Amino acid sequence: VQLQAFGGGLVQAGDSLKLSCTVSGRTIRTDAMGWFRQAPGKEREFIAAISWSGGNIYYADSVKGRFTISRDNAKKTVFLQMNSLQPEDTAVYYCVADGGVIQSEIRRMRAYGYWGQGTLVTVSS
């Protein structure tokens, strides 16, 4: 199973960026999928998650209203549209996936057994 993330890069404050993550070697029809990030010197944190149907979506307070998560099950891909980026959004972004994730756990790293390699997003001021 591989999760391949794309779309990171260097942008200026206020810019937008869209990350994508494609899963291979596994069907994702019943998987919750999401994104975490880890800034330099900080712990990894939850950013966003989406249920297998797309009917339930969760965001960290720090990105609510600026970031949008979506998925395309046919393409086995999850997306993260990031708008109004700020320097504090600078981090390595990791996509995640797993089946059987219950709502109370969906923001927790331990809920996900499949992780991407990370893609670096750098926001300059």
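This one's a predicted model, so the numbers in the text were calculated from it and none came from an experiment.

This part covers unusual backbone geometry. At Lys76, a position not held by glycine, the phi torsion is positive, near 55°. Despite not being glycine, Ser84 shows a phi value in the positive range, around 50°. Note on placement: Ser84 falls in the loop between strand E8 (77–82) and strand E9 (91–99). Among the residues examined, Ser84 registers a relative accessible area of 37% and is labelled partly exposed.

Below, the discussion takes up the sheet that holds strand E3 (residues 17–24). Across the sheet, which stays open at both edges, the 4 strands sit in the order E1-E3-E8-E7 with antiparallel pairing between neighbours. Strands with a single pairing partner mark the edges of an open sheet, and in this sheet they are strand E1 (2–6) and strand E7 (67–72). Strand-to-strand twist in this sheet, taken as the mean axis angle between neighbours without regard to direction, amounts to 15°. Of the pairings in the sheet, the one linking E3 to E8 comprises 6 bridges and is antiparallel in character.

We now examine the state of the cysteines. Put plainly, two cysteines are in a disulfide when a covalent bond ties their sulfur atoms together. If you walk through the whole model with that rule in mind, you get 1 disulfide. Covalently, Cys21 is tied to Cys95 through a disulfide, its sulfur atoms 2.0 Å apart. When the S-S torsion is 50°, as for the bridge of Cys21 with Cys95, the disulfide is right-handed. Of the two residues, Cys21 sits in strand E3 while Cys95 sits in strand E9, which places them 74 residues apart along the sequence. The buried category is assigned to Cys21, whose relative accessible area is 0%. Residue Cys95 is classed as buried on the basis of its relative accessible area, which comes to 0%.

Rules behind the numbers
- Residues numbered from 1 in each chain as written.
- Predicted model: local features only at pLDDT ≥ 70, side-chain atom pairs only at ≥ 80, totals over all residues.
- Heavy atoms only, no water.
- Helix = DSSP H or I, 4+ residues; strand = E, 2+ residues; numbered from the N terminus.
- Buried < 20%, exposed > 50% of the residue type's maximum accessible area, 1.4 Å probe, protein only.
- Pairing = 2+ DSSP bridges.
- Axes fitted to C-alpha atoms, helices over the stretch in contact; angles between N-to-C directions.
- Disulfide = S-S within 2.5 Å.

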